[in-house]
Amino acid sequence: MTTTPPTRPAPLPPVVDEATWRQALDDLRAREKAATRELDAIAAQRRRLPAVAMPDYTLEGPDGPVRLAEVFAGRRQLVVYNHMWFPAETWQCGGCTSFTAQFARLDFLEPYDARFVVVTQGPIDEALAYKRRVGNQMDWYSTADSPFGTDVGAPPGGGFAVNVFLRGDDDAVYRTWHTDGRGTEQLSHTFPLVDVLPYGRQEEWQDAPDGWPQGPAYAGWLDSPDIAELYGEG
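Residues numbered from 1 in each chain as written. Predicted model: local features only at pLDDT ≥ 70, side-chain atom pairs only at ≥ 80, totals over all residues. Heavy atoms only, no water.

Per an unreviewed UniProt entry, the chain carries the name DUF899 family protein and comes from Iamia majanohamensis.

Here you go:
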């Protein structure tokens, strides 16, 4: 199926000659370049963060109980996306579902000695069924019977999060980074792509010119029941 946003009159930005447009673009590109350098500096600071040792958690995986150190599957680095879970729901969190759907291939992580997995509060059988339904490629694990999810900022009924871990030579596991909310956007390609569009995300909080499409009439279509079909069997 094809899902389309509501039809409204299309406002236009000011239309100018190419020289004027080029100057405005160059001014913006200077700010974009400065932001890139700042993100590089943030990444450098992130690499220098201290770490905290983690307990020896046991999660449930596709083949039964598994220690946190074993979730690394022999790799040194591990990215965990803590997926929101609501019991008895046909479709889980749309944001989490669309976020994980971006990662159709994960072999690019192999040269970096890293792995990316999903951990959720849902029972493992239900979690694996949902994984298959939405076509996720990464492995899923359950923290339903473990305090792991709560301890890393994703308790039952709570929000989503991203956590990064490092495995030592003795299989000790260290937590190195955490983010949630809009902090996860830096790992996404969907919002950065939408942000370069003239109308942007069309959210009410978005700073946009007068008359630009904003608000639930536009952004709300992403939350409609039909959008779930884009990520599942539909």
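A. Highlighting the overall build of the chain. Scanning the chain for helices and strands turns up seven helices and eight strands. Partitioning the intrachain contacts of the chain with sequence separation of at least 6 by distance along the chain shows that 61% fall at a separation of at least 24. Counting only carbon and sulfur atoms, one obtains 54% of the accessible surface of the chain, whose full area is about 14,300 Å². (Helix = DSSP H or I, 4+ residues; strand = E, 2+ residues; numbered from the N terminus. Contact = heavy atoms within 4.5 Å. Areas by Shrake-Rupley, 256 points an atom, 1.4 Å probe, with all protein chains shown as cover.)

B. Here's a closer look at the nonpolar core. Residues Tyr 81, Phe 103, Leu 106, Phe 116, Met 138 and Trp 140 are the most contacted members of the largest nonpolar core, which totals 22 residues. Elements with a minimum of two residues in this core: α3 (94-101), β5 (114-120), α4 (124-134) and β7 (161-167). The element that contributes the greatest number of residues to this core is α4, accounting for five residues. Ignoring sequence-local partners within four residues, the contact set of Leu 106 consists of Phe 116, Gln 137 and Met 138. If you look at the next biggest cluster of nonpolar residues, it comprises 17 residues, including Phe 72, Val 80, Val 117 and Phe 148. (Core = buried A, V, L, I, M, F, W, Y, C linked by side-chain atoms within 4.5 Å. Buried < 20%, exposed > 50% of the residue type's maximum accessible area, 1.4 Å probe, protein only.)

C. The arrangement of the packing of aromatic side chains in detail. Per the counting criterion, the structure on display carries ten aromatic pairs. Put simply, the rings of Tyr 81, Phe 99, Phe 103, Phe 116 and Phe 160 touch in pairs and so form one group of aromatic residues. Over the aromatic face of Trp 91 sits the side chain of Arg 133, whose NZ or CZ is 4.0 Å from the ring centroid. The side chain of Arg 201 reaches across the aromatic face of Phe 191, ending 4.2 Å from its centre. (Phe/Tyr/Trp six-rings, centres within 6.5 Å; stacked < 30°, edge-to-face > 60°. Lys NZ or Arg CZ within 6 Å of the ring centre and 35° of its normal.)

D. Fine view of the pairing of strand β3 (residues 64-67). Pairing between strand β2 (residues 58-61) and β3: four bridges, direction antiparallel. Opposite Leu 59, over in β3, you have Val 66 as the bridge partner. Counted between consecutive antiparallel strands, the loop separating β2 from β3 contains two residues. (Pairing = 2+ DSSP bridges.)

E. Representation of the pattern of salt bridges within the structure. A full pass over the atoms with the stated rule returns nine salt bridges. Asp 139 is the partner of Arg 115 in a salt bridge, and the nearest nitrogen-oxygen pair spans 2.2 Å. Separated by 24 residues along the polypeptide, Arg 115 in strand β5 and Asp 139 in the loop between α4 and β6 (140-142) bring together distant segments of the chain. Salt-bridge contacts for Asp 195 lead to Arg 201; the nearest nitrogen and oxygen are separated by 2.8 Å. Residue classification places Asp 195 among the partly exposed positions, given a relative accessible area of 40%. (Salt bridge = Lys/Arg side-chain N within 4 Å of Asp/Glu carboxyl O.)

F. Local environment of the side chain of Thr 100. Among the secondary structure elements, Thr 100 is positioned in helix α3. The exposure class assigned to Thr 100 is buried, which follows from its relative accessible area of 1%. Engagement of the side chain of Thr 100 in a polar contact is seen with the backbone oxygen of Thr 97, the distance being 3.2 Å. When sequence neighbours within four positions are dropped, the list of residues in contact with Thr 100 reads Tyr 81, His 83, Val 118, Asn 136 and Met 138. (Polar contact = N/O pair within 3.5 Å; in protein donor to acceptor, adjacent residues only side chain to side chain.)

G. Looking closely at the pairing of β7. Counted residue by residue, β7 has six buried out of seven residues, so it is predominantly covered. Two elements, strand β4 (residues 77-83) and β7, share six bridges in a ladder whose sense is antiparallel. Within the sheet, the bridge partner assigned to Tyr 81 lies in β7 and is Val 162. Bridge analysis of β7 against strand β8 (residues 173-179) gives six bridges, and the strand direction is antiparallel. Paired with Arg 167 across the two strands is Val 173, which belongs to β8.

H. Spatial organisation of α4. Along α4, the residues that are buried comprise Ile 124, Ala 127, Leu 128, Tyr 130, Lys 131 and Val 134. Viewed along the axis of α4, the buried residues span an arc of 160°, placing them on a single side of the element. Opposite the buried face of α4, at more than 90 degrees from it, the exposed residues are Asp 125 and Arg 132. Contact partners of the buried residues in α4: β2, β4, α3, β5 and β6. (Arc of directions from axis to C-beta.)

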